[in-house]
Amino acid sequence: MSWVAMTTTHELGHLVGGWIGGATLTDVDLAPWRLPYSVHQPDPYPLLTLWSGPVLGIAAPLIVASISRWRPAIFIADFCLLANGSYLALAWISGDRLLDTARLLDAGTPPWSLAVFCGLTVVIGYLRFRGTCAAVLFGRNTATSKKTSRKRIE
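Residues numbered from 1 in each chain as written. Predicted model: local features only at pLDDT ≥ 70, side-chain atom pairs only at ≥ 80, totals over all residues. Heavy atoms only, no water.

> How should the overall build of the protein be read in this particular structure?
Helices and strands together make up the secondary structure of the protein, namely six helices and two strands. Along the three orthogonal principal directions, the C-alpha set of the protein runs to about 65 × 30 × 25 Å. Within the protein, residue pairs in contact and separated by at least 24 positions form 63% of the contacts whose partners lie at least 6 positions apart. When the accessible surface of the protein is totalled, it reaches about 9200 Å², and 69% of it is carbon and sulfur. (Helix = DSSP H or I, 4+ residues; strand = E, 2+ residues; numbered from the N terminus. Contact = heavy atoms within 4.5 Å. Areas by Shrake-Rupley, 256 points an atom, 1.4 Å probe, with all protein chains shown as cover.)

As structure tokens, this is what we get:
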């Protein structure tokens, strides 16, 4: 479920960004069992189209999770945060010209801003996802478990 939410919100972000920027959608595939993609040609604002994917791919699940406060939604949102940053970082390492990172750099994104985005989303995403996994696996809220364990020690 987390993978489907991440790939869908990420790709819908590209679609929304392209639509807002006046790009013409020429091809799209949202099937979650393969890597979804969208092709916009012409695209007058490629940075808007490209950045909208990871930004909406992070923002939409986090908004749903913060409103619902439902543990599975929080789990999915934390996964999406970690996965979007990891995807851009790993795509950068792979050098694949068809993936978002190479396209962002080709469209004029400064490498330092991409590095900051990847660094923040991977570190924050990892910490949040790790905490959420612990809460799911051990059936407790990790914030309250620290208070409880301190009380037992004192």
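> Just checking my understanding: could you explain the nonpolar core for this structure?
One recurring pattern in soluble globular proteins: nonpolar side chains tend to sit buried together. Among the nonpolar cores identified, the biggest contains eight residues, and these are Leu50, Ile58, Leu81, Leu88, Leu104, Leu114, Phe117 and Cys118. The set of elements that each furnish at least two residues to this core consists of helix H2 (46-68), helix H3 (71-94) and helix H5 (111-138). Examining the composition of this core, we find that three residues originate from one element, H5, more than from any other. Excluding anything up to four places from it in sequence, Leu104 contacts Leu47, Leu50, Trp51, Leu88, Thr109 and Leu114. (Core = buried A, V, L, I, M, F, W, Y, C linked by side-chain atoms within 4.5 Å. Buried < 20%, exposed > 50% of the residue type's maximum accessible area, 1.4 Å probe, protein only.)

> Is there a simple way to explain the pairing of strand S2 (residues 37-40) in this structure?
Each regular strand displays side chains that alternate between the two surfaces of the sheet. Along S2, the buried face is formed by Ser38 and His40; none of Tyr37 and Val39, which line the opposite face, is buried. Sheet analysis places strand S1 (residues 25-29) next to S2, joined by four bridges and oriented antiparallel. What sits directly across from Asp29, in S2, is Tyr37. (Pairing = 2+ DSSP bridges.)

> Looking at this model, I keep getting lost on the packing of aromatic side chains. Mind explaining?
The way to describe two aromatic rings as a pair is by their centre distance and the angle between their planes. Evaluation of the coordinates by the stated rule reveals three aromatic pairs. Through pairs of rings, three or more aromatic residues link up here, namely Phe75, Phe79 and Phe129. (Phe/Tyr/Trp six-rings, centres within 6.5 Å; stacked < 30°, edge-to-face > 60°.)

> Help me understand the side chain of Thr9, please; the structure alone is not making it clear to me.
Looking at where Thr9 falls in the secondary structure, it is placed in helix H1 (residues 2-20). A distance of 3.3 Å separates the side chain of Thr9 from the backbone oxygen of Met6, its partner in a polar contact. Contact partners of Thr9, with chain neighbours within four places excluded, come to Gly53, Leu56, Gly57, Ala60 and Pro61. (Polar contact = N/O pair within 3.5 Å; in protein donor to acceptor, adjacent residues only side chain to side chain.)

> Just checking my understanding: could you explain the pattern of salt bridges for this structure?
Close approach of charged atoms allows side chains with opposite charge to pair. Scanning all chains against the criterion turns up four salt bridges. Between Asp29 and Arg34 there is a salt bridge, with the nearest N and O atoms lying 2.6 Å from each other. Owing to a relative accessible area of 14%, Asp29 belongs among the buried residues under this scheme. On the basis of relative accessible area, Arg34 is assigned to the partly exposed category, the value being 43%. (Salt bridge = Lys/Arg side-chain N within 4 Å of Asp/Glu carboxyl O.)

> How do you make sense of the packing of H1 against H3 when you look at a structure like this?
Two numbers describe a pair of packed helices, the interaxial angle and the distance between the axes. The interhelical angle for the contact between H1 and H3, taken along N-to-C directions, is 60°, at an axis separation of 9 Å. Considering their axes alone, H1 and H3 lie oblique with respect to each other. For the pair H1 and H3, the sense of crossing is right-handed. On the side of H1, the interface is formed by Ser2, Trp3, Ala5, Met6 and His10, while H3 contributes Phe75, Ile76, Phe79, Cys80, Ala83, Asn84 and Tyr87. (Axes fitted to C-alpha atoms, helices over the stretch in contact; angles between N-to-C directions. Parallel < 35°, antiparallel > 145°, perpendicular 65-115°, else oblique. Left-handed = near helix turned anticlockwise from the far one by under 90°.)

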